[in-house]
Amino acid sequence: AQSVTQPDIHITVSEGASLELRCNYSYGATPYLFWYVQSPGQGLQLLLKYFSGDTLVQGIKGFEAEFKRSQSSFNLRKPSVHWSDAAEYFCAVGVSYSSASKIIFGSGTRLSIRP
Amino acid sequence: DGGITQSPKYLFRKEGQNVTLSCEQNLNHDAMYWYRQDPGQGLRLIYYSQIVNDFQKGDIAEGYSVSREKKESFPLTVTSAQKNPTAFYLCASSTGYTGELFFGEGSRLTVL
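Figured I'd write up the structure that's included with this text. Source: prediction; values computed, not measured.

**Thoughts on the overall build of chain A**
In terms of regular secondary structure, chain A is built from zero helices and 12 strands. For chain A, the spread of C-alpha atoms along the principal axes amounts to about 40 × 30 × 25 Å. Residues counted as buried form 45% of the 115 residues belonging to chain A. Contacts spanning at least 24 positions in sequence make up 53% of the contacts within chain A whose residues lie at least 6 apart. Carbon and sulfur atoms provide 48% of the accessible area of chain A, an area that totals close to 5,300 Å². Taken together, the 10 basic and 8 acidic charged side chains of chain A have centroids lying 5 Å from each other.

Encoded structure:
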């Protein structure tokens, strides 16, 4: 069965430091991959997505992610975090290109920023 | 401004009562979804609809019901059969083509 694993429940980084959030998926074919961000008490906003092509994808707010097929990973990175990046981050995999109903979410990683 | 509107934002109900959460979108999206979010469990799909007058169960549909009479609207009823209804509920929509979901701001239901 398809699944998404975010191994880090909570990460704290200092403002200005680099960030990497891990995501691993389980799916037999090439998946469609997403990262979403959620501020407390709010809905989710798409940061970036990978469908095909260049395995390094750029998103909003200075985030990027790299798809590594050999590792079944889609890690999210940012070179220098800002206090406003504190939020919960969800990795998601879509197993059907034409049907968003098959999007499966990871359990999320909460990011805290140390001043 | 196009978007998804969920109401109410906060809702308190007594055990055994049915409650209905509203979700309206003006994005002209065909597909709409309801997710439940609990701490540490990510988002779990309750129901989804890819076209008017049609909907399918997601992974945790028991104790919930939906309708899709209009393209813009996809209300969720949390029935008394739902054993643990206290949660944060998120509605989303999609064109269904890109896979990108657009979310509302959520409704927090607390059953006392």
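**Regarding the pattern of salt bridges**
All told, the structure shown has nine salt bridges over all chains when counted by the stated rule. With a closest N to O distance of 3.4 Å, Glu100(B) and Lys49(A) form a salt bridge. Remark: Lys49(A) occurs in strand β6 (residues 44-50) and Glu100(B) occurs in the loop between β9 (87-94) and β10 (102-103); the pair is interchain, linking two chains. Taking relative accessible area as the criterion, Lys49(A) reaches 31% and is therefore assigned partly exposed. Connected through shared salt-bridge partners, Glu64(A), Glu66(A) and Arg77(A) make up one network.

**Let's talk about the environment of Ala81(B)**
Within the element layout of this structure, Ala81(B) appears in the loop between β8 (76-78) and β9. For the pair formed by Ala81(B) and Gly16(B), sequence separation is 65 residues and the distance between their alpha carbons is 7.8 Å.

**Observations concerning the nonpolar core**
Judged by nonpolar contacts, the single largest core of 27 residues is most densely connected at Leu19(A), Trp35(A), Leu47(A), Leu48(A), Phe74(A), Leu76(A) and Tyr89(A). Those elements that place two or more of their residues in this core are β2 (10-14), β3 (19-21), β5 (32-38), β6, β8 (64-68), β9 (73-78), β10 (87-94) and β12 (109-114) of chain A. Sort the elements by how many residues they give to this core and β10(A) lands first, with four residues. Formed by 20 residues, the second largest nonpolar core is a distinct cluster that contains Leu46(A), Phe90(A), Tyr35(B) and Ala92(B).

**As for the state of the cysteines**
For the structure shown, the criterion picks out two disulfides over all chains. Across the disulfide from Cys23(A) sits Cys91(A); the S-S distance is 1.9 Å. For the disulfide bridge between Cys23(A) and Cys91(A), the dihedral angle about the S-S bond is near -65 degrees, and by the sign convention the bridge is left-handed. In this pair, Cys23(A) sits in the loop between β3 and β4 (24-26) while Cys91(A) sits in strand β10, placing the two residues 68 residues apart along the sequence. Comparing Cys23(A) with Cys91(A), the two get one shared label, buried. At a sulfur-sulfur separation of 1.9 Å, the disulfide partner of Cys23(B) is Cys91(B). Judged by the torsion about the S-S bond (-75 degrees), the Cys23(B)/Cys91(B) disulfide is left-handed. Placement of the pair is Cys23(B) in strand β3 (residues 19-25) and Cys91(B) in strand β9, with a sequence separation of 68 residues. For the pair Cys23(B) and Cys91(B), one class covers both residues: buried.

**A look at the sheet that holds β3(B)**
Residue and element names in this part refer to chain B. Taken in spatial order, the four strands line up as β1-β3-β8-β7 in an open sheet, and their pairing is antiparallel. With partners counted over all chains shown, the strands left at the sheet margins are β1 (4-7) and β7 (64-66), one partner each. Pairwise comparison of adjacent strand axes, ignoring direction, gives a mean angle of 20 degrees for this sheet. Judged from the four bridges that link them, β1 and β3 form a sheet pairing that is antiparallel. Directly across from serine 7, in β3, lies its bridge partner serine 22.

**Some details on unusual backbone geometry**
Here the amide bond leading from Ser7(B) into Pro8(B) is cis, since omega sits at -10 degrees, within 30 degrees of zero. In this fold, Pro8(B) is placed in the loop between β1 and β2 (10-13). Even without being glycine, Lys61(A) reaches a positive phi, approximately 60 degrees. Within the secondary structure, Lys61(A) sits in the loop between β7 (56-58) and β8.

**Description of the pairing of β5(A)**
Residue and element names in this part refer to chain A. With six of seven residues buried, β5 is to be regarded as a mostly interior element. Of the pairings in the sheet, the one linking β5 to β10 comprises seven bridges and is antiparallel in character. By the bridge assignment for β10, tryptophan 35 is matched with cysteine 91. The pairing of β5 with β6 spans six bridges and is antiparallel. For leucine 33, the partnering residue across the bridge sits in β6 and is tyrosine 50.

About the cut-offs
- Residues numbered from 1 in each chain as written.
- Chains lettered and ligands numbered in written order.
- Predicted model: local features only at pLDDT ≥ 70, side-chain atom pairs only at ≥ 80, totals over all residues.
- Heavy atoms only, no water.
- Helix = DSSP H or I, 4+ residues; strand = E, 2+ residues; numbered from the N terminus.
- Buried < 20%, exposed > 50% of the residue type's maximum accessible area, 1.4 Å probe, protein only.
- Contact = heavy atoms within 4.5 Å.
- Areas by Shrake-Rupley, 256 points an atom, 1.4 Å probe, with all protein chains shown as cover.
- Lys, Arg positive; Asp, Glu negative; His and termini not counted.
- Charge placed at Lys NZ, Arg CZ, Asp CG, Glu CD.
- Salt bridge = Lys/Arg side-chain N within 4 Å of Asp/Glu carboxyl O.
- Core = buried A, V, L, I, M, F, W, Y, C linked by side-chain atoms within 4.5 Å.
- Disulfide = S-S within 2.5 Å.
- Pairing = 2+ DSSP bridges.
- Axes fitted to C-alpha atoms, helices over the stretch in contact; angles between N-to-C directions.

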